[in-house]
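Take a look at the letters that make up each chain.
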Amino acid sequence: MTTIAGRRFDTGESVRVSVERGVITAIEPQADATDWLGPGLVDLQINGYGGQEFNDLALTPEQVASVSTAMDRDGLTAYLPTATTHSFEMLRHTMSVLAEARRTIPEVAARAPGFHLEGPYLSPQDGPRGAHPLEHIRPPDWDEFQRLQEAAEGGIRILTVSPEYDNAPEFIRRVVDSGVVVSIGHTAATGEQIQAAADSGATSSTHLGNGAHGMLRRHPNYLWDQLADDRLVANLIADGHHLPDAVLKTFVRAKSPARCVLVSDITGLGGMPPGRYESTSIGDVEVLEDGRLVVAGQRQFLAGAALPLRRGVPQLMRAAGLSLAEALPLATTQPARLASLPAGDLRIGARADLITFRLPADDDNAPMLEITSTMLAGNLVYTA
Ligand SMILES: [Zn+2]
């Protein structure tokens, strides 16, 4: 039996949690824990880490394993490795290596319950397509998607697609019927097209408010249309760069916290020093002095994020005025529910994917949760 102690994120009560065979067997009061205790973080969108992109024709299962375990220190207990718009050859390679890594390396299987395919069926318009290379953008193709899902050994759990193509409603229906979550993103779709996508079973909006035109008609537009549709869970990047606090607050108030989840959208180039880089995934990008990652020569378009999910929780608390009890589920149980992934929870019988952490100081202007330990299926995989 293992134990882990802390103050419950939801009630503030100090408890000791007992774990056997990866499952919580008891939760008992204990005197004066200092760190907070909650479920492990669940990230639906991670493109790479520590200089390694998943979109890489030379990607190996061992590299997937090192990316996976490197994020234990960020409090992540489940994540979806994400491949972005590219040639069929690239996407097939990425999907088959990710699948092989899950099949053969237990550390990957324990952390990556599936994959997110973001593209290639996205908008060709500048702005909505963001950093996705135009030459590889194409209309939805069910046969190609099936071949990629085969390469992934059935592991694709989320497909981000723009519903602006004529065949989108039928395509989305087939993808949803095959058990995959369809998320609307990188889109210039009309209100009718967004409604048709939700009618066909789309249940999510990929990083709402990003991957959009720099200049947009005030109304109607695809932001209002997705905000107003209660069938769509908004995925939000709350890293302090992608959405201004006022937008974050307004989105969360409009959707309600229960219909929002946080994602990092972190890329393999996150955390690199300022300069120009050739990404194996998206081509020429620049890291600016303030840490923003942008398309080279198009600084108005962010090319992905550089900060982990533990950044988003305190940013959201401040921007939207949410308590820890209200905010943490947006980075833990709610994304897990959206994509039917395993997740920890503070109740007897739940999987022991847990973290202990401290909150940042009030005057910290780049606040992060300070992770002090990460427990994955009952095993302590990180301690500060
Ligand atoms: Zn994106």
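Please refer to the structure placed before this passage.
Predicted model, so just to flag it, every value in this text is computed and none were measured. (Residues numbered from 1 in each chain as written. Predicted model: local features only at pLDDT ≥ 70, side-chain atom pairs only at ≥ 80, totals over all residues. Heavy atoms only, no water.)

## Describing the pattern of salt bridges
Opposite charge on two side chains lets them pair, provided their charged atoms get close.
No. 1: Scanning the model with the defined rule gives 17 salt bridges in all.
No. 2: Here Asp35 and Arg358 are joined by a salt bridge, their closest N and O atoms 2.9 Å apart. Separated by 323 residues along the polypeptide, Asp35 in the loop between strand S3 (23-29) and strand S4 (36-39) and Arg358 in strand S19 (residues 354-358) bring together distant segments of the chain.
No. 3: Salt-bridge contacts for Arg231 lead to Asp229; the nearest nitrogen and oxygen are separated by 3.0 Å.
No. 4: Residue Asp229 is classed as buried on the basis of its relative accessible area, which comes to 12%.
No. 5: Within this structure, Asp35, Arg358 and Glu370 form a network of salt bridges that share partners. (Salt bridge = Lys/Arg side-chain N within 4 Å of Asp/Glu carboxyl O. Helix = DSSP H or I, 4+ residues; strand = E, 2+ residues; numbered from the N terminus. Buried < 20%, exposed > 50% of the residue type's maximum accessible area, 1.4 Å probe, protein only.)

## Points about the environment of Leu288
No. 1: Among the structural elements, Leu288 can be located in the loop between strand S16 (283-287) and strand S17 (293-295).
No. 2: Distance in space between the C-alpha atoms of Leu288 and Gly275 is 6.8 Å, their sequence separation being 13 residues.

## Things to note about the sheet that holds strand S18 (residues 298-304)
Remark on secondary structure: sheet strands pair via backbone hydrogen bonds, oriented parallel or antiparallel.
No. 1: If you walk across this open sheet you meet the four strands as S15-S16-S17-S18, and the pairing is antiparallel. Lying at the two open borders of the sheet, with one neighbouring strand each, are strand S15 (275-279) and S18. Pairs of neighbouring strands in the sheet enclose a mean axial angle of 45 degrees, with direction left out of account.
No. 2: Where S15 and S16 come together, five bridges link them in antiparallel fashion. Across the sheet, the residue bridging to Arg276 is Glu286, located in S16. (Pairing = 2+ DSSP bridges. Axes fitted to C-alpha atoms, helices over the stretch in contact; angles between N-to-C directions.)

## Thoughts on the side chain of Gln149
No. 1: In this structure, Gln149 sits in helix H4 (residues 142-151).
No. 2: Polar side-chain contacts of Gln149 include one of 2.9 Å to the backbone nitrogen of Ile156.
No. 3: In contact with Gln149, not counting residues within four places along its chain, are Gly154, Gly155, Ile156 and Val180. (Polar contact = N/O pair within 3.5 Å; in protein donor to acceptor, adjacent residues only side chain to side chain. Contact = heavy atoms within 4.5 Å.)

## Focus: the layout of surface pockets
No. 1: Of the pockets and cavities examined, the largest pocket occupies roughly 640 Å³.
No. 2: Mapped by element, the contributors of at least two residues to the lining of the largest pocket are helix H8 (245-255) and S18.
No. 3: The element that contributes the greatest number of residues to the lining of the largest pocket is S18, accounting for six residues.
No. 4: Residues belonging to the lining of the largest pocket are distributed by class as follows: 13 nonpolar, 18 polar and five charged. (1 Å grid on protein atoms, 1.4 Å probe; cavity = no way out; pocket = protein on both sides within 12 Å on 5 of 7 lines; lining within 4 Å. Points joined across faces, edges and corners; volume = space filled by probe spheres on them. Nonpolar A, V, L, I, M, F, W, Y, C, P; charged D, E, K, R; others polar.)

## Here we look at helix H9 (residues 309-320)
No. 1: Across its twelve residues, H9 extends 17 Å between first and last C-alpha, which sits within 8% of the 16 Å expected from 1.5 Å per residue.
No. 2: Elements that come into contact with the buried residues of H9 comprise strand S5 (41-46), strand S8 (76-84), H8, strand S14 (260-263), helix H10 (324-327) and strand S20 (370-376).
No. 3: After H9 finishes, the residue Gly321 shows a positive phi value of roughly 65 degrees. (Expected span 1.5 Å × (residues − 1).)

## So, empty space enclosed by the protein
No. 1: The final tally for this structure, using the stated rule, is four cavities of 30 Å³ or more.
No. 2: Taken together, 14 residues line the largest cavity, and the ones lying closest to its centre are His186, Thr206, Asn210, Gly211 and Gln226.
No. 3: In terms of residues, the lining of the largest cavity owes the most to one element, helix H7 (residues 222-228), which gives three residues.
No. 4: Grouping the amino acids of the lining of the largest cavity by side-chain chemistry returns five nonpolar, nine polar and no charged.
No. 5: Reported here for the second largest cavity is a volume of approximately 50 Å³.
No. 6: Lining the second largest cavity, in full, are Asp43, Ile46, Tyr49, Met71, Asp74, Leu76, Ser264, Ile266, Pro308 and Leu309.
No. 7: Tallied by class, the residues present in the lining of the second largest cavity amount to seven nonpolar, one polar and two charged.

## Considering the coordination of the zinc ion
No. 1: At the metal site, the zinc ion is ligated by Glu118 (OE), His186 (NE2) and His207 (NE2), and these contacts range over 1.9 to 2.1 Å.
No. 2: Taking the relative accessible area as the measure of exposure, His186 reaches 6% and is therefore buried.
No. 3: You can call His207 buried: its relative accessible area is 3%. (Donors = N, O, S within 2.8 Å, 3.2 Å for Na, K, Ca; no water.)

## Notes on the nonpolar core
No. 1: Grouped together as the largest cluster of nonpolar side chains are 91 residues, with contacts concentrated most on Phe145 and Leu236.
No. 2: Ranked by residue count, the leading element in this core is helix H2 (residues 88-104), at seven residues.
No. 3: Other than its neighbours up to four places away in sequence, Phe145 contacts Leu117, Tyr121, Ile156, Leu159, Phe171, Val175, Ser178 and Val180.
No. 4: Counting residues in each nonpolar core, the second largest holds 16 residues, with Val42, Val181, Val233 and Ala343 among its members. (Core = buried A, V, L, I, M, F, W, Y, C linked by side-chain atoms within 4.5 Å.)

## Remarks on the sheet that holds S3
No. 1: Taken together, the seven strands give an open sheet; going across it, the order is S3-S2-S1-S4-S19-S20-S21, and neighbouring strands pair in mixed fashion. Where the open sheet ends on each side, the last strands, each with one partner, are S3 and strand S21 (379-383). The mean inter-strand angle of the sheet, taken between neighbouring strand axes irrespective of direction, is 30 degrees.
No. 2: When S19 meets S20, the two strands line up antiparallel, connected through five bridges. Its bridge partner lying in S20, Thr356 is registered against Ser373.

## Topic: the pairing of S14
No. 1: The side-chain alternation of S14 yields two buried faces, one formed by Cys260 and Leu262 and the other by Val261 and Val263.
No. 2: As defined by bridge partners, strand S13 (residues 233-237) adjoins S14 across four bridges and the pair is classed as parallel. Bridge pairing in S14 places Leu236 opposite Leu262.
No. 3: Handedness of the crossover joining S13 and S14 through H8 is recorded here as right-handed. (Right-handed = clockwise from strand over helix to strand, strands pointing away.)

Function cannot be inferred from these measures alone, as they are strictly geometric.
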